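Chain residues, written in single-letter form:
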Amino acid sequence: MIGAQDAGRGAGSARRGEGGRELRARGRERGREKRAQEEMLGFAFVIVLVIIIGFVILMLTLRGPSSPLERENTRVNSLLNSITHFTTSCDKESVQQLIIACRNGESSCGEDSCAFVKGEVTKILGQTLAGDFRFSAEVTAEGEEQVLLEIKKEENGECSGKRTSFVASSVLPRRTIIKLVSCPEMSASADSGE
Amino acid sequence: MHTNILRNQIRKSKKGQVKMIETILVLLALVFFFGIIIIFYSRFQLFEVQRLAQEVDEERASSLLGKISGMPELKCSVSFGSASGTDCIDSYKLLALSKQQAKFEEEFEGLSEVRVERVYPPPSGAGIGQACEFGNDYPENCAYWQLYTRARGAGQGAGSRTSLDSFVTLCTQRSSVLYECEIGRIVVGVPDRGATGAGGGA
């Protein structure tokens, strides 16, 4: 009787031992699952972070084209137009007429037309443009390429494509082209406040 | 036996507490992090809105600038030769229009000022800072034409404003065949939307 009881107890503890192992194995499995879930969560968090940072960078880079640049271009264009039609003190001739005279090698008011125009335009640009500039009149006829006159103010380096520059050009009779490049020190062109 | 179970339970509950604290700390860090992101984003959005409002004001002023300088009431006639095709303003028309403030109010909504200045040759002597009025030496001894100024205290225009300018050719007819052109500047101002809440354009 006692022997049978012992045998029963032995079988019970063996069953319990098996159950414990199974439980431990399940626990380990659950622990692994939990760790995997945590890692997935971390990964998702990193992805969300990257998306947010990317979104902010995208918003910063995709800002619309700044309209002050367009306006400055229009301004330089209208200045060049005004300069060409400006009536000089020399026989009430316009700058445009004097440039044509310069191209033809004529003199105006007892002075070389090119030198007269250069002096006049230098004074005008000094009064109207705050930054650096380059003004030129060129002939671009076939087989005849010649710079008639050039006025430069380049205190902050060459006024070319390397700097923010605004170019305006106008075609005069006899294939004469005048060009004005303005290189202002960039700031908001619109002034606010009263 | 019982003490072992009790010890195990205490150890387990301590582990649970540590885990809970860990979770709470992580949650707090997350809330703090997202809070910072939201603050930065809202500040960025605020700047963007302010920048856009400024841009809209400038666009409005730019559009008005083009419209006003192209007004037939100001533009040079064909008698000014090649100058008439460009941004050319007849100084006598300017004088006539400077007495018609109501016209600007009727035709252009949301304006705060319109002014034309002589730039080159610069006004000298008694002309410095003088408004242009008809006289024998017109338009020699003056500096600017005030075409329009919005009355202050009319509920709008008393605050800050955005103004834009552009160069114009300022021509004066001397005789039926003779005319002279100089370099001028047209300045158009619009009240800031943020300051006045006034909307509308031309």
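Above this text you will find the structure in question.
Residues numbered from 1 in each chain as written. Chains lettered and ligands numbered in written order. Predicted model: local features only at pLDDT ≥ 70, side-chain atom pairs only at ≥ 80, totals over all residues. Heavy atoms only, no water.

J.: Is there a simple way to think about the overall build of chain A in this case?
T.: The secondary structure content of chain A amounts to four helices and seven strands. Of all 194 residues assigned to chain A, the portion counted as buried reaches 33%. Here the contacts in chain A between residues at least 6 apart in sequence split such that 53% fall between residues at least 24 apart. (Helix = DSSP H or I, 4+ residues; strand = E, 2+ residues; numbered from the N terminus. Buried < 20%, exposed > 50% of the residue type's maximum accessible area, 1.4 Å probe, protein only. Contact = heavy atoms within 4.5 Å.)

J.: In this structure, what is going on with helix H3 (residues 95-103) of chain A? I would like to understand it.
T.: One full turn of an α-helix is made of 3.6 residues, so residues set three or four places apart face in the same direction. The element H3 of chain A is extensively covered by neighbouring structure, given that eight of its nine residues are classed as buried. Within the sequence span of H3 of chain A, burial applies to Val95, Gln96, Leu98, Ile99, Ile100, Ala101, Cys102 and Arg103 of chain A.

J.: What exactly am I supposed to notice about the layout of surface pockets here?
T.: Picture a little ball the size of a water molecule; that probe, rolled over the atoms, points out where space is still empty. Estimated volume of the second largest pocket: approximately 400 Å³. Taken together, the elements giving at least two residues each to the lining of the second largest pocket come down to helix H1 (2-61) of chain A together with helix H1 (2-69) of chain B. (1 Å grid on protein atoms, 1.4 Å probe; cavity = no way out; pocket = protein on both sides within 12 Å on 5 of 7 lines; lining within 4 Å. Points joined across faces, edges and corners; volume = space filled by probe spheres on them.)

J.: What's the story with unusual backbone geometry in this structure? I'm lost.
T.: Apart from glycine, the bulk of residues carry a negative phi angle, and the bulk of peptide bonds sit in the trans form. A cis amide bond, omega 0 degrees, links Tyr120 of chain B with the succeeding residue Pro121 of chain B. On the secondary structure map, Pro121 of chain B appears in the loop between strand E2 (113-120) and strand E3 (144-149). With a phi close to 50 degrees, Asp91 of chain A is a non-glycine residue in the positive phi region. Following the sequence through the fold, Asp91 of chain A ends up in the loop between helix H2 (67-85) and H3. The exposure class of Asp91 of chain A is exposed, given its relative accessible area of 61%.

J.: Got a minute to help me understand the state of the cysteines in this structure?
T.: Disulfides are covalent bonds that connect the sulfur atoms of two cysteines. Residue and element names in this part refer to chain B. Per the stated rule, a full pass over the model turns up five disulfides over all chains. Bridging Cys76 to Cys88, the disulfide has an S-S length of 1.8 Å. Sign of the S-S torsion, about -70 degrees for the bond between Cys76 and Cys88, identifies this disulfide as left-handed. Separated by twelve residues along the polypeptide, Cys76 in the loop between H1 and strand E1 (88-90) and Cys88 in strand E1 bring together distant segments of the chain. Across this residue pair, the class does not change: Cys76 and Cys88 are buried. Covalently, Cys132 is tied to Cys142 through a disulfide, its sulfur atoms 1.9 Å apart. Disulfide Cys132-Cys142: the torsion about the S-S bond is 90 degrees, which places it as right-handed. Highlighted residues: Cys132 in the loop between E2 and E3 and Cys142 in the loop between E2 and E3, separated in sequence by ten residues. Both residues of the pair, Cys132 and Cys142, count as buried. Here chain B pairs its bonded cysteines, counted in sequence order, in the arrangement 1-2, 3-4, 5-6. (Disulfide = S-S within 2.5 Å.)

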